[in-house]
Amino acid sequence: MQQVEKKTFPTVTSLLPHRPPMLLVDEVLSVEPVIGTARACIGPNHLFLRQDGTVSPEVFCELVAQGFGVCEACRRLEKGLTLDGGGYLASLRDVEIFASAKTGDTLTVKTERVDECFGTYIVKGEVFSNEQKLAQATVYIFMWQGKTPETK
């Protein structure tokens, strides 16, 4: 049986300007042209952790935004572009929360860029714990592009 080589990605701290406690995504798992997957762990000091050990529901929208952000940064690097510029979560739509996440959960964040309009990316995202879908949302992320590498 042929072994498939796992692709390695840069650390999330090299891809996003966020730092703990606001950095919620831990690792990029996969990147395709418009689809990406990231991992996030709910630790005991998580920013959105409530006293009952679950996270506040708004964490799911930020996870989708950061999940998209790290995957989009990987796409830019693969194209030879810099990470100058950035983006921010501008709006939400169709947010649905099905279940909560709790301390110790490892979450999978799946994102898909479905459209772009005037520098705003429209991204559908889903957050899973194992196979259970915890939430889904459409997020609007305003992006500004940085410089491209100089050509010789």
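Residues numbered from 1 in each chain as written. Predicted model: local features only at pLDDT ≥ 70, side-chain atom pairs only at ≥ 80, totals over all residues. Heavy atoms only, no water.

Caption draft 1: Just the pattern of salt bridges, in detail. Taken as a whole, this structure holds 7 salt bridges when the rule is applied. In this structure, arginine 93 and aspartate 94 form a salt bridge, with 3.8 Å as the shortest nitrogen-oxygen distance. Measuring nitrogen to oxygen at the nearest pair gives 3.2 Å for the salt bridge that ties lysine 102 to aspartate 105. Take aspartate 105: its relative accessible area is 9%, and that puts it in the buried class. The network of salt bridges with common partners includes Glu72, Arg75 and Arg113. (Salt bridge = Lys/Arg side-chain N within 4 Å of Asp/Glu carboxyl O. Buried < 20%, exposed > 50% of the residue type's maximum accessible area, 1.4 Å probe, protein only.)

Caption draft 2: The packing of aromatic side chains, seen in detail. Under the defined criterion, the tally for this structure stands at 4 aromatic pairs. Taking the centre distance of 6.2 Å and the plane angle of 50° together, the rings of tyrosine 88 and tryptophan 144 count as tilted. Note that tyrosine 88 is positioned in strand 3 (residues 85-97) and tryptophan 144 in strand 6 (residues 132-145), a separation of 56 residues in sequence. Under the relative-accessibility criterion, tyrosine 88 is labelled partly exposed at 47%. The exposure class assigned to tryptophan 144 is partly exposed, which follows from its relative accessible area of 40%. Ring centres 6.3 Å apart and planes at 35° place the aromatic pair phenylalanine 142 and tryptophan 144 in the tilted group. Among the aromatic residues, those joined into a cluster by ring pairs are Tyr88, Phe142 and Trp144. Sitting over the ring of phenylalanine 128, lysine 110 keeps its end group 4.8 Å from the ring centre. A cation over an aromatic ring shows up here: arginine 113 above the ring of tyrosine 121, its NZ or CZ 5.4 Å from the ring centre. (Phe/Tyr/Trp six-rings, centres within 6.5 Å; stacked < 30°, edge-to-face > 60°. Helix = DSSP H or I, 4+ residues; strand = E, 2+ residues; numbered from the N terminus. Lys NZ or Arg CZ within 6 Å of the ring centre and 35° of its normal.)

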